[in-house]
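Now for the letters of each chain:
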Amino acid sequence: QIPKDPTQRWLRELAAMSQQLQKVHPNVLAKILKQRTLYQNEEIVVIDKPYGLPVHGGPGIKNCIADVLPILAKMLENMKAEPLHLCHRLDKETTGVMVLARSKEAAEKIRLLFKTRQVEKIYWAIVLGDPDPVEGVVEIPIVEKEVQSHQSHYKMTLAPNYRLCAEDGKVVKARGNRHAERAVTRYRRLAAASACSLLELQPITGVKHQIRVHLAYGLGCPILGDHKYSHWSKLAPQKLPELTLRRLKLEQSKARHLPLHLHAHRLGLPLGQPLDFVCKLPLFFQKTLRKLELDIPKD
């Protein structure tokens, strides 16, 4: 039963997105990833990671990329192919460029490039609000903390090295948290409309959930559809501005269906000769941009 009303249809699509790939057979999933292969050579395979697909398994996860790597390798080469290897990770809800290696040696080489920050990563995200200033660098360490609420849960959060002194308002150095990791994210605004902005992001470091935390807690501009980092003390759907809801033709009660709008757009890999991969935005992301009247910049 496909709803006739385009808004209802759009909602149905959004609600189904996270579940879709959990319902398919692992062979079907490997076939989908094969169709989404952007590039391959004797060392690497580059795929366009779909929405809602975790990289690793865990409780309640039927399908993940790690589990289908042996099947995908055979589909791409032949029956004797070695399983592919993971080189880095993307969150379950993040789409876009992902690099897999054909051998353990290649995987180690690429992991080292990520670790030593030689890989250029460019993401695009739709965020709520407008960052001030419109471009800059967020450099605030990040740490994982337990949130004490009616439902205790863990979140990454900021652990700043500096704070404002209550007496005179001066910036003073705070005692650093020894568990916190250094985190640096460059950002610039590409477009703004409908109480939202389209941002280009370049994470210089690679801390878990770094972009999401820096945008939500550092700039006060959470990513559209980031229900985890739109509040600190509770797990609840994101509260959207009136204008955004109107443009998306959504009611606030349905905001929980909005997917995370974070896309790994480009990746530069210095493997012998520099390789540059660009992944176009997924359809749901393009549709949201159109609805919000955010102009997509021409690459």
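Scroll up a little and you will see the structure.
Please read these numbers as outputs of a predicted model, since none were measured by experiment. (Residues numbered from 1 in each chain as written. Predicted model: local features only at pLDDT ≥ 70, side-chain atom pairs only at ≥ 80, totals over all residues. Heavy atoms only, no water.)

Enquirer: Which residues make up the pattern of salt bridges, and what values do they have?
Expert: Overall, the coordinates contain 13 salt bridges when judged by the stated rule. For Lys-287, the salt bridge goes to Glu-13, with nearest N and O atoms at 3.3 Å. Residue Lys-287 is located in helix α7 (residues 283–292), and its partner Glu-13 is located in helix α1 (residues 6–20); the two are separated by 274 residues in the primary sequence. Judged by relative accessible area, Glu-13 falls into the partly exposed class, the value being 37%. Glu-200 is the salt-bridge partner of Arg-188, the closest N and O atoms lying 2.9 Å from each other. Here Arg-188, found in strand β11 (residues 184–193), pairs with Glu-200, found in strand β12 (residues 196–203); they are 12 residues apart in sequence, far enough to count as distant. (Salt bridge = Lys/Arg side-chain N within 4 Å of Asp/Glu carboxyl O. Helix = DSSP H or I, 4+ residues; strand = E, 2+ residues; numbered from the N terminus. Buried < 20%, exposed > 50% of the residue type's maximum accessible area, 1.4 Å probe, protein only.)

Enquirer: Lay out the packing of helix α2 (residues 26–35) against helix α3 (residues 65–76) with the relevant residues and their values.
Expert: For any two helices packed against each other, the geometry is given by the interaxial angle and the distance between the axes. At a closest axis distance of 8 Å, the pairing of α2 and α3 adopts a crossing angle of 65°. Relative to α3, the element α2 lies roughly perpendicular. Regarding α2 and α3, the two cross each other, and that crossing is right-handed. Across the interface between the two elements, Pro-26, Asn-27, Leu-29, Ala-30, Lys-31, Leu-33 and Lys-34 of α2 pack against Ile-65, Val-68, Ile-71, Leu-72, Met-75 and Leu-76 of α3. A per-class count over the contact of α2 with α3 returns 10 nonpolar, one polar and two charged. (Axes fitted to C-alpha atoms, helices over the stretch in contact; angles between N-to-C directions. Parallel < 35°, antiparallel > 145°, perpendicular 65-115°, else oblique. Left-handed = near helix turned anticlockwise from the far one by under 90°. Contact = heavy atoms within 4.5 Å. Nonpolar A, V, L, I, M, F, W, Y, C, P; charged D, E, K, R; others polar.)

Enquirer: Could you give me a rundown of the environment of Gln-148, with the residues and numbers involved?
Expert: Of note, Gln-148 is situated in the loop between β7 (142–147) and β8 (153–158). Taking the relative accessible area as the measure of exposure, Gln-148 reaches 62% and is therefore exposed. Considered as a pair, Gln-148 and Glu-200 are 52 residues apart in the sequence and their alpha carbons are 33 Å apart.

Enquirer: Would you mind going over the layout of surface pockets in detail, with residue names and values included?
Expert: Taken as a whole, the largest pocket spans an internal volume of roughly 760 Å³. Taken together, 30 residues make up the lining of the largest pocket; nearest its centre are Ser-18, Tyr-51, Lys-92, Glu-93 and Arg-212. Composition of the lining of the largest pocket by domain shows at least three residues from each of domain 1 (1–116) and domain 2 (120–269 + 282–291). Listing elements by their share of the lining of the second largest pocket, those giving two or more residues are α4 (104–115), β5 (120–128) and α5 (210–218). Grouping the amino acids of the lining of the second largest pocket by side-chain chemistry returns eight nonpolar, six polar and 10 charged. Counting only domains with at least three residues in the lining of the second largest pocket, you end up with domain 1 (1–116) and domain 2 (120–269 + 282–291). (1 Å grid on protein atoms, 1.4 Å probe; cavity = no way out; pocket = protein on both sides within 12 Å on 5 of 7 lines; lining within 4 Å. Points joined across faces, edges and corners; volume = space filled by probe spheres on them. Domains from an automatic or database assignment.)

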